[in-house]
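Spelled out, the chains give:
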Amino acid sequence: MKKNIDLATIKNFILTNALNENVMLMLHPSNFDKLVTNGKEKAKALCIAGINVIPDDNNEISEGEIDVLEIKFN
């Protein structure tokens, strides 16, 4: 069964995992497109609770999954 990912799901994921601005979230392209499509316009990135959400352009994430990417600062 495919899991529907919406804004509430992502906010809950961020809170449950106590994530901060040192990470980014990556979604399957179809899940990302459903979040950002508004009419005919589509965004390329999304920021929720200070955390950037991007689509997986390499087909590494399964539909319905949320991947956490750590951002390293030098």
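It should be noted that the structure appears before, not after, this text.
Since the structure is predicted, the reported quantities are computational estimates derived from the model, not experimental observations. (Residues numbered from 1 in each chain as written. Predicted model: local features only at pLDDT ≥ 70, side-chain atom pairs only at ≥ 80, totals over all residues. Heavy atoms only, no water.)

What is the right way to look at helix α2 (residues 29–36) in this model?
It helps to recall that an α-helix has 3.6 residues per turn; residues three or four apart then point in one direction. Here α2 has its buried residues at Asn31, Phe32, Leu35 and Val36. Summarising the axial view, the buried residues of α2 lie within an arc of 120 degrees, below the 170-degree limit, and thus occupy one face. (Buried < 20%, exposed > 50% of the residue type's maximum accessible area, 1.4 Å probe, protein only. Helix = DSSP H or I, 4+ residues; strand = E, 2+ residues; numbered from the N terminus. Arc of directions from axis to C-beta.)

It is not clear to me how the pattern of salt bridges should be interpreted in this structure. Could you clarify?
Inspection of the entire model under this criterion finds 1 salt bridge. One salt bridge in this structure joins Lys34 and Glu63, with 3.9 Å as the shortest N-O distance. Separated by 29 residues along the polypeptide, Lys34 in helix α2 and Glu63 in the loop between β5 (51–55) and β6 (66–70) bring together distant segments of the chain. When its relative accessible area of 28% is taken as the criterion, Glu63 is described as partly exposed. (Salt bridge = Lys/Arg side-chain N within 4 Å of Asp/Glu carboxyl O.)

Which parts of the structure should I look at to understand the nonpolar core?
Generally speaking, a soluble globular protein has its nonpolar side chains buried in company with each other. With 13 residues, the main nonpolar core has Ile10, Ile14, Leu25, Leu27, Val53 and Ile66 as its most contacted residues. For this core, the secondary-structure elements that each account for two or more residues are α1 (7–16), β1 (23–27), α2 and β5. Setting aside chain neighbours within four positions, we find Ile66 in contact with Ile5, Thr9, Ile10, Phe13, Leu25, Met26 and Leu27. (Core = buried A, V, L, I, M, F, W, Y, C linked by side-chain atoms within 4.5 Å. Contact = heavy atoms within 4.5 Å.)

It is not clear to me how the environment of Phe32 should be interpreted in this structure. Could you clarify?
Within the secondary structure layout, Phe32 lies in helix α2. Relative accessible area serves as the criterion here: at 2%, Phe32 is assigned to the buried category. Through-space distance from the C-alpha of Phe32 to that of Asp56 is 8.6 Å; in sequence the pair is 24 residues apart. Ignoring any residue separated from it by four or fewer positions in sequence, one finds Phe32 in contact with Leu27, Ala43, Lys44, Ala45, Leu46, Val53, Ile54 and Pro55.

Sorry if this is basic, but what is going on with the side chain of Asp56 here?
Relative to the elements of secondary structure, Asp56 occurs in the loop between β5 and β6. At 2.4 Å, the side chain of Asp56 and the backbone nitrogen of Glu60 are in polar contact. Apart from the residues lying within four places of it in its own chain, the contact partners of Asp56 are Met26, Leu27, Pro29 and Ile61. (Polar contact = N/O pair within 3.5 Å; in protein donor to acceptor, adjacent residues only side chain to side chain.)

Explain α1 here, please?
The complete set of buried residues in α1 reads Thr9, Ile10 and Ile14. Within α1, the buried residues cover an arc of 135 degrees as seen down the axis, which keeps them to one side. For α1, the exposed residues set more than 90 degrees away from the buried face come down to Ala8, Leu15 and Thr16. Of the surrounding elements, those touching the buried residues of α1 are β1, α2, β4 (46–48), β5 and β6. Of the residues one or two after α1, Ala18 is the one with positive phi, at around 50 degrees.

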